[in-house]
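Secondary and tertiary structure notes
Listed here are the chains, written in short residue letters.
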Amino acid sequence: MSQQQAIAQYCTRLGDNSLIQSYRLSEWCSKAPLLEEDLALTNFALDMTGRAELLLELAGKLQTPTRTADEMAYRRGERQYLNDLIVELPNTDFAFSIIRQFLVSAFEVQLYTALSQSTHTELAAIAAKALKEVKYHYAHTADWVLRLGDGTPESNRRAQAALEKLWPYTHELFEMAAGEDTLVANGIATNAATHYAPWIEQVETVLAEATLNLPKTTHRQRGGHTGIHTEHLGHILTELQYLQRAYPNAIW
Amino acid sequence: MTQDTQLNTWEVFMQARSGANYIHAGSVHAADGEMALQNARDTYTRRGEGTSIWVVPTSAIVASNPDEQDMFFDPANDKIYRMPTFYTMPEGAKAI
Amino acid sequence: MQVADSVKDQLLRHFEEKIDKGDAIEPRDRMPDAYRKHLIRQMSQHAHSEVIGMQPEGNWITRAPSLRARQILLAKIQDEGGHGLYLYSAAETLGISRDEMIKQLHTGKAKYSNIFNYPALTWADIGAIGWLVDGAAIVNQVSLQRTSYGPYSRAMVRICKEESFHQRQGYEIMARMMAGTADQRAMAQDAMNRWWWPSLMMFGPHDSDSPHSGDAFRWKIKRHSNDELRQKFIDKTVQQAEVIGLTIPDQDLKWNEAKRGYDHGTINWEEFYQVIGGNGPCNQQRMDHHKQVHEEGAWVREAAAAYAKKKQEKLLNH
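Residues numbered from 1 in each chain as written. Chains lettered and ligands numbered in written order. Predicted model: local features only at pLDDT ≥ 70, side-chain atom pairs only at ≥ 80, totals over all residues. Heavy atoms only, no water.

Looking at the environment of Gln104(C)
Residue and element names in this part refer to chain C. Relative to the helices and strands, Gln104 is located in helix H5 (residues 98–107). Residue class for Gln104 comes out buried when judged on its relative accessible area of 13%. Every residue in contact with Gln104, bar those within four places of it in the chain, is listed here: Ile96, Lys109 and Ala110. (Helix = DSSP H or I, 4+ residues; strand = E, 2+ residues; numbered from the N terminus. Buried < 20%, exposed > 50% of the residue type's maximum accessible area, 1.4 Å probe, protein only. Contact = heavy atoms within 4.5 Å.)

If you want it as structure tokens, here you go:
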């Protein structure tokens, strides 16, 4: 894999994570528990779609032949998406979506803080913009984790259940995909494993305050980095790509 | 079931740019101050309208009574000596 | 009794003098019960319409055909939610809680705009909703910026400022499709055919059949009549349709030089009253969705309230 290909793959991974997160959050539109929260979650989805566009545009430019951000987002098959599995899991309830976003955003604060120092100037600029967004996502969801964890017995039960289901999927956030070692060596990418220690410390602190327990399971789910996804991704793509696939010659 | 399940209301005051007055924008519902601030941010600054926000529980606002408007405000209307234009300055005086 | 009556008369006179002078009425001002009731009914209906209106458009969020389209649609639906929120917030200044307004919606006491009982079937419907439905709503909202109740008027000013992009994005979708493939053009015309008449119905019955207009005009809640606003909408929309090659599905539509406006064909009021009465294509679906979300969200709101209470108690114990 050439360095250019490796950068393209890395940006595709980050872009797909943003795209699929945005998809799941946008499913909350008109369904949030409070009108104010509806607006908040839509804002998240907007931040993430914008970030997906920037990252996939960069990834597409580095390919031969080059591809647009829309071609990257709408014209690939299931096996070509490289997002982490955690972002594609269906929203089972508000607790699940909030806990997931909290876990992922806590990681993304670390990730984009590091990437804003990337030697790749375009990537560094995207990361600097993303950092402001993910910091807010983290703050907002961390507050909700406290409310749900330390709210009522029901909210605590739901939050804990969500945490247990999500935990096996968190490990993949800290893994690199094949061919990305040189990017780390050149200061273009950041070694995801280095973000684990600060992440777990932060997560533990918030969960403790929220009277939630750190899951004990050592089970690990992985596969997104090689395009082996859950069954859910195919359904996401079926909706996402519907018009682009049904009317391949149309411009919208 | 008389309890309002939509949480409490908070009044939102926004500063459009640094140094400007805080102006009432509307209200939001929230359970606590942090949530009220975030909800105000997502509701009233979607187009970058603000640099700073205050939120105050609606119950904490004390408003003047419109029935007492005459007594409350009219007495200030005839105190024209509070206006700079009330005074006659000698011809030729500068920077005053 | 007589004394009480004369005090009441005096208050009403004071109120009407204020209205006549063109002063805004503010939340703590004395106002006749009927004025308050009329406002609550109209503003809550308006707020519910914004919120229920999120559903037909939300139906296409996951299927928006490009990243740009996806962002625009998300931002637009979010605005609708925001506008619902401004209006609930303005209505709450009249002493009714949002919870109560939602209850009234769920029991059928409060209504929302009929237009959202029609389905958004294709992507072109997203264009038609933005261009025609928002276009019709804007005509009404611009007029309401001068409504007599201060909080309502201020909410409308903010809403109008924000809505200005909504109609343009809808029209842009239609224009792009009309400049596209045969499939796209057919889809756009089909959406036009289905949304045109319901959009005209949005302005309500003809002035001669409008039951609530008398007081609403006297108190300057309403500033223009249903037919005036409908005419304004038709006159500006016909040209926009022509520019991009869409046909208005009304064979009787023609320019009337004498009134400097278009005459239009007969509106199917039978359909209008059927849909208002609950027999539209999506009435049941929209209400079920809203109730379900409300019920499913209850545990979250309870948790937030419980946590806030705990936090406050901790603070007091220190």
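Digging into the pattern of salt bridges
Considering all chains together, one arrives at 37 salt bridges over all chains under this definition. It is possible to trace a salt-bridge network through shared partners that takes in Asp93(A), Glu154(A), Arg157(A) and Arg158(A). (Salt bridge = Lys/Arg side-chain N within 4 Å of Asp/Glu carboxyl O.)

Considering the sheet that holds strand E2 (residues 22–30) of chain B
Residues and elements named next belong to chain B. In space, the three strands of this open sheet follow the order E2-E1-E3, with antiparallel pairing throughout. The open sheet terminates on both sides in strands that have one partner only, identified here as E2 and strand E3 (52–57). Taken pair by pair, the neighbouring strands of this sheet meet at an average axis angle of 30 degrees, ignoring direction. Both strand E1 (residues 8–15) and E2 contribute to a ladder of eight bridges, which runs antiparallel. Looking across to E2, one finds that Met14 is bridged to Ile23. Packing against the sheet, helix H1 (residues 33–44) makes contact with E1, E2 and E3, and its axis sits at approximately 115 degrees to E2. (Pairing = 2+ DSSP bridges. Axes fitted to C-alpha atoms, helices over the stretch in contact; angles between N-to-C directions.)

Quick word on the interface of chain A and chain B
Accessible area lost upon the coming together of the parts serves often as the stated size of an interface. Each partner contributes to the interface: chain A provides eleven residues, whereas chain B provides 13 residues. Of the roughly 1100 Å² buried at the junction of chain A and chain B (both faces included), carbon and sulfur atoms supply 49%. Ranking the residues of chain A by area buried against chain B places Leu34(A), Glu36(A) and Tyr136(A) at the top, with a combined share of 46%. At the junction of chain A and chain B, the tally comes to one salt bridge. Of the charged contacts, one joins Arg147(A) and Asp32(B) as a salt bridge, the two residues approaching to 3.0 Å between their closest N and O atoms. Inspection of the chain A/chain B interface yields six residue pairs in polar contact (both at pLDDT 80 or more). Secondary-structure elements contributing two or more residues to the side of chain A that touches chain B are helix H2 (35–61) and helix H5 (121–149) of chain A. Counting residues per element, the side of chain A that touches chain B draws most heavily on H5(A), which supplies six residues. (Buried area = accessible area lost by both parts, 1.4 Å probe. Polar contact = N/O pair within 3.5 Å; in protein donor to acceptor, adjacent residues only side chain to side chain.)

Such coordinate-based values are descriptive only and should not be taken to indicate function.
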